[in-house]
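# Residue-level structural notes
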Amino acid sequence: MDRPVLVVGSLNLDLVVTPARAPAAGETVFAPRLDQFPGGKGGNQAVAAARLSTPVVMVGRVGPDAFGDRLLESLRADGIATHAVSRSATAGTGTAVITVDATGQNRIVVVPGANAEVTPEVVEAHDGLIASASVLLLQLEVPMEACQRAAELAAAAGVPVILDPAPAPAEPLPRRLRESTWLVTPNETEAATLTGVAVEGRRGAEEAARALADQGFRQVLIKLGGEGAYLYRDGTGAWFDAFAVKVVDTTAAGDAFAGGLAAALHRGMALEEAVRWGMAAGALAVTRAGAQPAMGTLEELKALLETGRQQA
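Here's a quick rundown of the structure.

Quick notes on the rules
Residues numbered from 1 in each chain as written. Predicted model: local features only at pLDDT ≥ 70, side-chain atom pairs only at ≥ 80, totals over all residues. Heavy atoms only, no water. Pairing = 2+ DSSP bridges. Helix = DSSP H or I, 4+ residues; strand = E, 2+ residues; numbered from the N terminus. Axes fitted to C-alpha atoms, helices over the stretch in contact; angles between N-to-C directions. Contact = heavy atoms within 4.5 Å. Phe/Tyr/Trp six-rings, centres within 6.5 Å; stacked < 30°, edge-to-face > 60°. Buried < 20%, exposed > 50% of the residue type's maximum accessible area, 1.4 Å probe, protein only. Core = buried A, V, L, I, M, F, W, Y, C linked by side-chain atoms within 4.5 Å. Right-handed = clockwise from strand over helix to strand, strands pointing away.

### Regarding the sheet that holds strand β2 (residues 12-17)
With respect to topology, four strands assemble into an open sheet ordered β3-β2-β6-β7, the strand pairing being mixed. A single partner strand is all that each edge strand has here, and the edge strands are β3 (34-39) and β7 (106-111). Ignoring which end each strand starts from, the neighbouring axes of this sheet average 25° apart. Strand direction decides the pairing type here: β2 and strand β6 (residues 94-100), joined by six bridges, are parallel.

Here it is in structure tokens:
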């Protein structure tokens, strides 16, 4: 196999409801149906990269239940290697309950389940696999210690580490994780949590990016949805304009971005071009409902890159 994109992260089954608006505290609202989609930030990133004709290997953990069976089948259907996905003897498969309102904005509650059993020891069992990767994708839906160990092993082997710091913790990320990360890619909410900077518009993003660089991240990419993205490295920054698409559901847009970015880097593209791939992948994902079902194909991504807007 060509050096694959490796994803260490979470695998969830997403339970999605779509009311006209999200309920306020103490309020009950109705939704027309309940949908079930394969998800988890790790699984989403793996599928996003695989849909772009990229070899992908997943490292994670599921439960001994039907949800776990479904997630493994779904990964394999997209051509993702699952030999490094283990099964818990006791913990259930991770589950996410997602509310998507009429504007496409989402609210998510996650039950980690077997994802909490992705330990540093689980990661170390795949050290050779990590060293053989072209890119390592990480998120924070599995224990921080496991993410840090994966990043350290990858950095030691010269493998670029892309960290999507979601969900962002209130406390600073561990120093060794920051030092081992090649590129950190928070959205505006995550950047604000990590830095204490109010990320409101371009000026806030630029300030937050500098703050993250001061924390030890060598390259910072802040995602601002419809306002584009900001890349900061070596003391200079660059803005990237967003693609013009109709937003249906923002679930997993950041995961799609990570998959597109990794797919481009796997092909040997420069970081600036890879950012455009990531943004196009994220834009495609918001035009459809769900997480993994919304991920675009290589043909769709190339068409969006060429035109800059969604085709009728």
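### What to know about the environment of Thr-99
Considering the arrangement of structural elements, one finds Thr-99 in strand β6. The spacing of Thr-99 and Pro-19 is 80 residues in sequence and 7.3 Å in space, taken between C-alpha atoms. Filtering out sequence-adjacent residues up to four positions away, Thr-99 remains in contact with Val-17, Pro-19, Ala-22, Gln-105, Asn-106 and Arg-107.

### What to know about the environment of Val-59
Within the secondary structure layout, Val-59 lies in strand β4 (residues 56-62). Considering only alpha carbons, one finds Val-59 and His-83, 24 residues apart in sequence, at a separation of 8.1 Å. If we ignore the near neighbours within four places in the chain, the residues touching Val-59 are Leu-6, Val-7, Val-8, Gly-9, Ala-84, His-126 and Leu-129.

### Let's talk about the packing of aromatic side chains
The geometry of an aromatic ring pair is captured by the separation of the ring centres together with the interplanar angle, meaning the angle of the planes. What the rule picks out here adds up to two aromatic pairs. Judged by centre distance (4.9 Å) and plane angle (40°), the rings of Tyr-230 and Trp-239 are tilted. On the basis of relative accessibility, which here comes to 6%, the residue Tyr-230 falls in the buried class. Put simply, the rings of Tyr-230, Tyr-232 and Trp-239 pair up and form one aromatic cluster.

### What about helix α1 (residues 41-50)?
Side chains that are three or four residues apart share a direction in an α-helix, a result of its 3.6 residues per turn. The element α1 is largely enclosed, with a buried count of ten among its ten residues. Residues of α1 that are buried include every one of Lys-41, Gly-42, Gly-43, Asn-44, Gln-45, Ala-46, Val-47, Ala-48, Ala-49 and Ala-50, and no others. In this fold, the buried residues of α1 make contact with β1 (5-8), β3, β4, α2 (66-77), β8 (135-138) and α9 (253-266).

### Digging into the nonpolar core
By size, the foremost hydrophobic cluster in this structure holds 53 residues, and its most contacted members are Val-56, Met-58, Ile-80, Leu-137, Leu-261 and Trp-277. For this core, the leading source of residues is helix α10 (residues 271-285), giving ten residues. Not counting residues up to four positions away in its chain, the partners in contact with Trp-277 are Leu-52, Gly-260, Ala-263, Ala-264, Arg-267, Met-269, Leu-298, Leu-301 and Leu-305.

### A look at the pairing of β8
Burial along β8 is two-sided: Val-135 and Leu-137 and Leu-136 and Leu-138, pointing in opposite directions, are all buried. Direction of pairing for β8 relative to strand β9 (residues 161-163): parallel, over a ladder of three bridges. Note that in β9 the partner of Leu-137 across the bridge is Ile-162. In this region the chain leaves β8, passes through helix α5 (residues 144-156) and returns to the parallel neighbour β9; the handedness of that crossover is right-handed.

What is shown is where atoms sit, not what they do.
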